[in-house]
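# Architecture at a glance
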Amino acid sequence: EKSGRELFRRGLDAEGRGDYSAAEACFKKAADLGNPDGEYNYARYCMSHGNRSSAILYLKKAMEYPAYNDEESRRILDGLLHGASFDLHLD
């Protein structure tokens, strides 16, 4: 759990510096360790790349935690499941 949080923080730092490739890698590693913040943020990157199936998978995982099972996440998931397009900017 601790390493997942650390990877998530590294991802935020990288994103803040504009190093989106490093941020995505950190979020993916955090997500694969079961960190919900990593799962949610990796889902954003999947959406930005048009990788709908992975975005759905990681968003669903994040939504297992109350902090991410909110109106916005449910709306995004519904849109992903029904083919909606998203105008997503990471910067």
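Structure: above.
Residues numbered from 1 in each chain as written. Predicted model: local features only at pLDDT ≥ 70, side-chain atom pairs only at ≥ 80, totals over all residues. Heavy atoms only, no water.

Quick look at the overall build of the protein now. Looking only at helices and strands, the protein features five helices and zero strands. For the protein, the α and β elements follow one another from N to C terminus as α-α-α-α-α. Taken against the 2.2 N^0.38 rule, which gives 12 Å for 91 residues, the C-alpha radius of gyration of the protein at 12 Å falls within 12% of a compact globule. Seen through its C-alpha atoms, the protein measures out along the principal axes to roughly 35 × 25 × 20 Å. Within the span of the protein, comprising 91 residues, buried residues form 42% of the whole. Considering only contacts in the protein between residues 6 or more positions apart, those separated by 24 or more positions represent 46%. Counting every atom, the protein has about 5500 Å² of accessible surface; 48% of that belongs to carbon and sulfur. Averaged over its 13 positive side-chain charges, the protein has a centre that lies 5 Å from the centre of its 16 negative ones. (Helix = DSSP H or I, 4+ residues; strand = E, 2+ residues; numbered from the N terminus. Rg over C-alpha atoms; globule rule 2.2 N^0.38 Å. Buried < 20%, exposed > 50% of the residue type's maximum accessible area, 1.4 Å probe, protein only. Contact = heavy atoms within 4.5 Å. Areas by Shrake-Rupley, 256 points an atom, 1.4 Å probe, with all protein chains shown as cover. Lys, Arg positive; Asp, Glu negative; His and termini not counted. Charge placed at Lys NZ, Arg CZ, Asp CG, Glu CD.)

A few words on the packing of aromatic side chains. All chains considered together, the criterion is met by four aromatic pairs. Ring centres of Phe27 and Tyr45 lie 5.9 Å apart, and the angle between their planes is 50 degrees; this geometry places the pair in the tilted category. On the criterion of sequence distance, the pair formed by Phe27 in helix 2 (residues 20–32) and Tyr45 in helix 3 (residues 36–48) is long-range, its members being 18 residues apart. Overall, Tyr45 belongs to the buried group, its relative accessible area being 1%. Counting every residue linked through ring pairs, the aromatic cluster contains Phe8, Phe27 and Tyr45. One residue, Lys61, lies across the ring of Tyr58, its end atom 5.2 Å from the ring centre. (Phe/Tyr/Trp six-rings, centres within 6.5 Å; stacked < 30°, edge-to-face > 60°. Lys NZ or Arg CZ within 6 Å of the ring centre and 35° of its normal.)

On inspection of all chains with the given rule, the structure shows four salt bridges. Across the pair Glu6 and Arg10 runs a salt bridge, and its minimum N-O distance is 3.5 Å. Note that Glu6 and Arg10 are positioned in helix 1 (residues 2–16) at a spacing of four residues, about one turn of the helix. Since its relative accessible area comes to 45%, Arg10 is described here as partly exposed. Where Glu71 meets Arg74, a salt bridge forms, and the shortest distance between an N and an O atom there is 3.9 Å. (Salt bridge = Lys/Arg side-chain N within 4 Å of Asp/Glu carboxyl O.)

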